[in-house]
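Structural features, examined
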Amino acid sequence: MRIVVVSDLHLGSPFSMHREFGDFMRGLPPAATLLLNGDMIDAEREEFPAGHTDILAAICEDTVKRRVIWTHGNHDRNYAPPYANRIEFVPHWVDGKTVFIHGDILMPMYGLYRLFIRLVRIYRKCTFPDSLMTVRLAHRVPLLFRWIRVCSLANAARFARQNNCQTVVCGHLHKAMD
(Lines give C-alpha, C1' and ligand atoms only; values in the text may rest on other atoms or scores of the structure.)
Protein backbone atom coordinates (compact mmCIF):
# COMPACT_ATOMS: atom_id res chain seq x y z
CA MET A 1 0.00 0.00 0.00
CA ARG A 2 1.30 3.46 -0.87
CA ILE A 3 0.85 6.13 1.82
CA VAL A 4 1.25 9.81 0.98
CA VAL A 5 1.85 11.95 4.08
CA VAL A 6 1.23 15.70 4.17
CA SER A 7 1.66 17.87 7.23
CA ASP A 8 1.39 21.53 8.17
CA LEU A 9 -0.45 22.91 5.14
CA HIS A 10 -1.97 25.65 7.38
CA LEU A 11 -4.97 26.46 5.18
CA GLY A 12 -6.28 29.90 6.06
CA SER A 13 -2.78 31.31 6.49
CA PRO A 14 -1.40 33.66 3.83
CA PHE A 15 1.69 31.42 3.82
CA SER A 16 -0.21 28.23 2.94
CA MET A 17 0.90 26.57 -0.29
CA HIS A 18 -2.69 25.59 -1.13
CA ARG A 19 -2.31 25.95 -4.92
CA GLU A 20 0.72 23.68 -4.97
CA PHE A 21 -1.07 21.20 -2.73
CA GLY A 22 -4.06 21.19 -5.11
CA ASP A 23 -1.74 20.36 -8.02
CA PHE A 24 -0.07 17.68 -5.91
CA MET A 25 -3.43 16.10 -5.00
CA ARG A 26 -4.51 15.90 -8.64
CA GLY A 27 -1.40 13.84 -9.39
CA LEU A 28 -1.89 11.25 -6.63
CA PRO A 29 -2.53 7.66 -7.73
CA PRO A 30 -6.10 6.62 -6.83
CA ALA A 31 -4.94 3.65 -4.75
CA ALA A 32 -2.71 5.77 -2.49
CA THR A 33 -3.83 6.45 1.08
CA LEU A 34 -3.70 10.17 1.89
CA LEU A 35 -2.55 10.82 5.46
CA LEU A 36 -3.06 14.42 6.57
CA ASN A 37 -0.65 14.57 9.49
CA GLY A 38 -1.94 17.58 11.42
CA ASP A 39 -2.17 21.34 11.09
CA MET A 40 -3.96 21.19 7.78
CA ILE A 41 -5.65 24.44 8.84
CA ASP A 42 -3.97 27.37 10.54
CA ALA A 43 -6.87 28.23 12.83
CA GLU A 44 -10.51 27.28 13.12
CA ARG A 45 -12.67 29.86 11.41
CA GLU A 46 -16.10 30.30 9.90
CA GLU A 47 -14.78 31.13 6.43
CA PHE A 48 -11.54 30.36 4.65
CA PRO A 49 -10.18 32.21 1.62
CA ALA A 50 -11.70 30.86 -1.62
CA GLY A 51 -8.75 28.77 -2.80
CA HIS A 52 -8.34 27.30 0.66
CA THR A 53 -12.01 26.29 0.81
CA ASP A 54 -11.57 24.55 -2.55
CA ILE A 55 -8.75 22.43 -1.08
CA LEU A 56 -10.89 21.41 1.91
CA ALA A 57 -13.68 20.43 -0.50
CA ALA A 58 -11.21 18.48 -2.68
CA ILE A 59 -9.98 16.56 0.37
CA CYS A 60 -13.56 15.58 1.23
CA GLU A 61 -14.26 14.61 -2.40
CA ASP A 62 -11.08 12.54 -2.50
CA THR A 63 -12.56 10.13 0.06
CA VAL A 64 -14.63 8.61 -2.76
CA LYS A 65 -11.52 7.27 -4.51
CA ARG A 66 -9.02 6.83 -1.69
CA ARG A 67 -8.67 6.34 2.04
CA VAL A 68 -8.10 9.68 3.79
CA ILE A 69 -6.79 9.76 7.36
CA TRP A 70 -6.39 12.99 9.35
CA THR A 71 -4.29 13.07 12.52
CA HIS A 72 -5.02 16.23 14.44
CA GLY A 73 -2.32 18.77 15.22
CA ASN A 74 -2.22 21.73 17.57
CA HIS A 75 -3.90 24.06 15.03
CA ASP A 76 -6.72 21.72 13.97
CA ARG A 77 -7.30 19.67 17.14
CA ASN A 78 -11.09 20.11 17.15
CA TYR A 79 -11.65 20.81 13.47
CA ALA A 80 -13.44 18.74 10.85
CA PRO A 81 -14.34 20.23 7.46
CA PRO A 82 -17.97 20.12 6.33
CA TYR A 83 -18.89 16.87 4.57
CA ALA A 84 -15.93 15.05 6.14
CA ASN A 85 -17.91 11.97 7.14
CA ARG A 86 -15.60 9.57 5.25
CA ILE A 87 -12.36 11.04 6.62
CA GLU A 88 -10.89 8.97 9.46
CA PHE A 89 -9.93 11.36 12.28
CA VAL A 90 -7.39 9.81 14.66
CA PRO A 91 -4.88 11.10 17.27
CA HIS A 92 -2.15 8.99 15.61
CA TRP A 93 -2.04 6.19 13.08
CA VAL A 94 0.05 3.01 12.97
CA ASP A 95 0.97 1.23 9.75
CA GLY A 96 3.18 -1.80 10.33
CA LYS A 97 6.19 -0.64 12.30
CA THR A 98 5.63 3.08 11.64
CA VAL A 99 3.56 5.45 13.75
CA PHE A 100 2.33 8.73 12.26
CA ILE A 101 1.58 11.61 14.63
CA HIS A 102 1.55 15.37 14.21
CA GLY A 103 4.16 15.75 16.93
CA ASP A 104 3.00 18.63 19.09
CA ILE A 105 2.39 16.30 22.04
CA LEU A 106 5.99 15.07 21.73
CA MET A 107 7.32 18.48 22.68
CA PRO A 108 9.35 18.61 25.91
CA MET A 109 7.36 19.52 28.99
CA TYR A 110 4.26 20.02 26.87
CA GLY A 111 2.59 22.32 29.43
CA LEU A 112 5.61 24.64 29.64
CA TYR A 113 5.96 24.54 25.87
CA ARG A 114 2.34 25.69 25.51
CA LEU A 115 3.04 28.56 27.95
CA PHE A 116 6.11 29.48 25.87
CA ILE A 117 3.98 29.53 22.71
CA ARG A 118 1.38 31.78 24.38
CA LEU A 119 4.11 34.22 25.46
CA VAL A 120 5.61 34.24 21.97
CA ARG A 121 2.17 34.91 20.47
CA ILE A 122 1.65 37.89 22.80
CA TYR A 123 5.11 39.18 21.88
CA ARG A 124 4.42 38.54 18.19
CA LYS A 125 1.16 40.51 18.25
CA CYS A 126 3.04 43.45 19.69
CA THR A 127 5.93 43.34 17.22
CA PHE A 128 5.39 41.03 14.24
CA PRO A 129 2.26 40.27 12.19
CA ASP A 130 3.95 37.14 10.79
CA SER A 131 2.07 33.97 11.81
CA LEU A 132 5.21 31.86 11.37
CA MET A 133 7.13 33.96 13.92
CA THR A 134 7.06 31.22 16.57
CA VAL A 135 8.82 28.76 14.30
CA ARG A 136 11.29 31.35 13.04
CA LEU A 137 12.11 32.45 16.59
CA ALA A 138 12.82 28.89 17.67
CA HIS A 139 15.09 28.36 14.66
CA ARG A 140 16.97 31.61 15.39
CA VAL A 141 17.74 30.61 18.96
CA PRO A 142 19.96 27.57 18.34
CA LEU A 143 20.20 26.47 21.98
CA LEU A 144 16.41 26.55 22.40
CA PHE A 145 15.82 24.70 19.14
CA ARG A 146 18.50 22.11 19.98
CA TRP A 147 16.85 21.46 23.37
CA ILE A 148 13.41 21.14 21.74
CA ARG A 149 14.85 18.83 19.06
CA VAL A 150 16.71 16.50 21.47
CA CYS A 151 13.75 16.21 23.86
CA SER A 152 11.26 15.75 21.01
CA LEU A 153 13.38 12.99 19.47
CA ALA A 154 13.60 11.18 22.82
CA ASN A 155 9.83 11.50 23.27
CA ALA A 156 9.25 10.28 19.70
CA ALA A 157 11.40 7.19 20.34
CA ARG A 158 9.45 6.50 23.55
CA PHE A 159 6.14 6.95 21.71
CA ALA A 160 7.29 4.53 19.00
CA ARG A 161 8.21 1.89 21.59
CA GLN A 162 4.83 2.33 23.33
CA ASN A 163 3.13 1.64 19.98
CA ASN A 164 5.44 -1.29 19.13
CA CYS A 165 6.93 0.67 16.22
CA GLN A 166 10.42 1.40 14.94
CA THR A 167 9.76 4.65 13.10
CA VAL A 168 7.90 7.87 13.89
CA VAL A 169 6.73 10.27 11.18
CA CYS A 170 5.66 13.68 12.44
CA GLY A 171 5.51 17.33 11.41
CA HIS A 172 4.97 20.21 13.79
CA LEU A 173 8.49 21.65 13.90
CA HIS A 174 8.49 22.45 10.17
CA LYS A 175 12.02 21.05 9.88
CA ALA A 176 13.21 17.59 8.91
CA MET A 177 15.14 15.65 11.54
CA ASP A 178 16.71 12.20 11.76
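Scroll up to find the structure this text is about.
Moving on, we get to the overall build of the protein chain. Along its length, the protein chain carries five helices and seven strands. When the helices and strands of the protein chain are listed from N to C terminus, the series reads β-α-β-α-β-β-β-β-α-α-α-β. Contacts in the protein chain between residues at least 24 apart in sequence constitute 74% of all its contacts with a sequence separation of at least 6.

Moving on: the environment of Met 40. Relative to the elements of secondary structure, Met 40 occurs in the loop between strand S2 (33-37) and helix H2 (50-62). For Met 40, a relative accessible area of 0% translates into the label buried. Through-space distance from the C-alpha of Met 40 to that of Tyr 79 is 9.6 Å; in sequence the pair is 39 residues apart. Those residues in contact with Met 40, other than ones at most four positions away along the chain, are Val 6, Asp 8, Leu 9, His 10, Leu 11, Phe 21, Trp 70 and Asp 76.

Glancing now at the sheet that holds strand S4 (residues 88-90). With respect to topology, four strands assemble into an open sheet ordered S1-S2-S3-S4, the strand pairing being parallel. In this open sheet, the two strands that pair with only one neighbour each are strand S1 (3-6) and S4. Recorded for the sheet is a direction-independent mean angle of 20° between the axes of neighbouring strands.

Moving on: the pairing of S2. Most of S2 is tucked away: five of the five residues are buried. Both S1 and S2 contribute to a ladder of four bridges, which runs parallel. The residue of S2 that forms the bridge with Ile 3 is Thr 33. Read as a crossover between parallel neighbours, the route from S1 over helix H1 (residues 18-26) to S2 is right-handed.

Time to look at the pattern of salt bridges. Considering all chains together, one arrives at five salt bridges under this definition. The residue Asp 104 makes a salt bridge to Arg 77 at a minimum N-O spacing of 2.2 Å. With Asp 104 in the loop between strand S6 (98-100) and helix H3 (110-127) and Arg 77 in the loop between strand S3 (68-71) and S4, this residue pair connects regions lying 27 residues apart in the sequence. For Arg 77, a relative accessible area of 34% translates into the label partly exposed. A single salt-bridge network, built from bridges that share partners, covers Asp 62, Lys 65 and Arg 66.

Our focus in this paragraph is the sheet that holds strand S7 (residues 167-169). What the three strands build is an open sheet, ordered S5-S6-S7; its pairing is mixed. A single partner strand is all that each edge strand has here, and the edge strands are strand S5 (93-95) and S7. Each adjacent strand pair in this sheet contributes to an overall mean axis angle of 25°, direction not counted. Pairing between S5 and S6: three bridges, direction antiparallel. Opposite Trp 93, over in S6, you have Phe 100 as the bridge partner.

Rules and cut-offs
- Residue positions are given per chain, counted from 1 along the sequence in the order it is written.
- Residue-level local features of this predicted model are given only where pLDDT is at least 70; pairs of side-chain atoms are given and counted only at 80 or more, and the full residue set underlies all totals for whole chains, interfaces and linings.
- Excluded from the side-chain calculation are hydrogens and water; included are all heavy atoms of the structure.
- For helices the rule is a DSSP run of H or I covering at least 4 residues; for strands it is a run of E covering at least 2, with both sets numbered from the N terminus onward.
- We call two residues contacting when some pair of their heavy atoms lies within 4.5 Å.
- Note on exposure labels: buried denotes an accessible area under 20% of the residue type's maximum, exposed denotes more than 50%, and partly exposed covers the range between, all computed with a 1.4 Å probe on protein chains only.
- The pairing criterion is simple: DSSP has to find at least two bridges between the two strands.
- Between N-to-C directions, angles span 0 to 180 degrees; the directions come from axes that are lines fitted to C-alpha atoms, helices contributing only their stretch in contact.
- By convention a crossover is right-handed if, when the strands point away from the viewer, the path from the first strand over the helix to the second runs clockwise.
- Here, a salt bridge means any Lys or Arg side-chain nitrogen found within 4 Å of an Asp or Glu carboxyl oxygen.

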